[in-house]
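Residue-level structural notes
The residues making up each chain are set out below.
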Amino acid sequence: MSVYAIVIHGGAGTIRPSAMTPELETAYKEGLQEALQAGYSLLENGGSSLEAVKAAVMSLEDCVLFNAGRGSVFAKDGSQEMDASIMDGNTGMAGAVAAVRNVRNPVELAYTVMLKSQHVMLNGKGAYDFALAHGIKTEPAEYFYSPYRYKQWKRMQGSEDTALDHQEFPDDKKFGTVGAVAVDRLGNIAAATSTGGMTNKQWGRVGDSPIIGAGTYANNKTCAISCTGHGEPFIRAVTAYDVSCLMEYKGLSLQEAMHVVVHDKLLRIDGEGGMIGVDAKGNTAMLFNSEGMYRGMKGSKGQEEIAIYK
Ligand code: ASP
């Protein structure tokens, strides 16, 4: 019997039960559940892992609680710029968009870049024009607005500091990005990631999420990975591809390779955050070196989990 599974995340960081109300926790879990189900039902009906990760990430982008699509954080100039990418482990094809504004579902645009352009990555105005030319939904600034993110930015406006999502005090960090990885009935794997980035970032700043090999990677021979965390160290460590390399060249399992990268290599360069992964045999993992990570998984062997804290 063929095995299929999907794993999702909604960001990692200092997520403490003490800073959470029961209502908010329920809302986060519902958001995760909805996204998980959007991807899983496609896999169940014979859909591809690529379609499943796109559907799950679009669902998370539409949920205002997560820092991606609607509810993205604000940049220094008060704009909301988003990054996203997607990769097909079967074909090795990838698509990405960086610093895009007003695009309702940046992951859908990344998918369209992969399928309908000769390029891997488009940014800014060029990406926006490409979206319009391909009938991708756009929205006015109000659609992306959330009072919570706005207040977060107002507290930092004028300073040179940037903050990861939900970071209010130096020791209260939470990263916000969403992502999904999946394996389908045919044993094909895929990964997708989408984010609003960091509060008060320089507009034009691009994090790891749209960078193939850093925030997202998929290769049927090894693994599909989606990362969340402080983008700059994740870019420097070529994080997602490093997991794949440890599997391909050192023969490590998915879990072992992710463990080395998350709990050793990233920590040495202050790379706080986490990642989710899957391989073609249906193994899955969700690892983080921060206090928590919004996460969930569902597999055809009956496994199902939604969790926030350690
Ligand atoms: N990695 C994202 C970025 O640096 C942020 C995050 O994952 O929370 O843009």
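Up top you'll find the structure we're talking about.
All values derive from a computational prediction rather than experimental measurement.

The next point concerns the site of the ligand. Around the ligand, the surrounding shell holds 11 residues, and the nearest of these are G176, T177, R205, D208 and G229. The separation between a nitrogen atom of the ligand and a polar main-chain atom of G229 is 2.7 Å. Notes on the ligand: free accessible area 270 Å², of which the protein chains cover 100%. Broken down by class, the residue content of the shell around the ligand amounts to 1 nonpolar, 8 polar and 2 charged.

All right, on to the sheet that holds strand β1 (residues 5-13) then. Reading across from one edge, β4-β3-β2-β6-β5-β1-β11-β12 is the order of the 8 strands in this open sheet, with mixed pairing throughout. Unpaired on one side and paired on the other, β4 (121-123) and β12 (304-309) mark the two borders of the sheet. The mean inter-strand angle of the sheet, taken between neighbouring strand axes irrespective of direction, is 5 degrees. As paired strands, β1 and strand β5 (residues 178-183) are joined by 5 bridges and run antiparallel to one another. Among the inter-strand pairings, I8 is bridged to a residue of β5, identified as A180. This element, helix α2 (residues 49-62), spans β1, β2 (82-88), β5 and β6 (189-195) of the sheet and lies at about 160 degrees to β5. Each of β3 (94-100) and β4 touches helix α4 (residues 124-133); the most contacted strand, β4, lies at about 105 degrees to it.

Attention now goes to the packing of helix α8 (residues 239-250) against helix α9 (residues 254-268). Interhelical geometry of α8 versus α9 gives an angle of 135 degrees and a closest axis separation of 9 Å. Taken together, α8 and α9 sit at an angle that is classed as oblique. Our pair here, α8 against α9, has a crossing hand that is right-handed. In this structure, α8 contributes T239, D242, V243, L246 and M247 to the contact, and α9 contributes L254, A257, M258, V260, V261, K265 and L266. Looking at the contact of α8 with α9 residue by residue, the classes come out as 9 nonpolar, 1 polar and 2 charged.

Reading the values: rules and limits
- Residues numbered from 1 in each chain as written.
- Predicted model: local features only at pLDDT ≥ 70, side-chain atom pairs only at ≥ 80, totals over all residues.
- Heavy atoms only, no water.
- Near = heavy atom within 4 Å.
- Polar contact = N/O pair within 3.5 Å; in protein donor to acceptor, adjacent residues only side chain to side chain.
- Areas by Shrake-Rupley, 256 points an atom, 1.4 Å probe, with all protein chains shown as cover.
- Nonpolar A, V, L, I, M, F, W, Y, C, P; charged D, E, K, R; others polar.
- Pairing = 2+ DSSP bridges.
- Helix = DSSP H or I, 4+ residues; strand = E, 2+ residues; numbered from the N terminus.
- Axes fitted to C-alpha atoms, helices over the stretch in contact; angles between N-to-C directions.
- Contact = heavy atoms within 4.5 Å.
- Parallel < 35°, antiparallel > 145°, perpendicular 65-115°, else oblique.
- Left-handed = near helix turned anticlockwise from the far one by under 90°.

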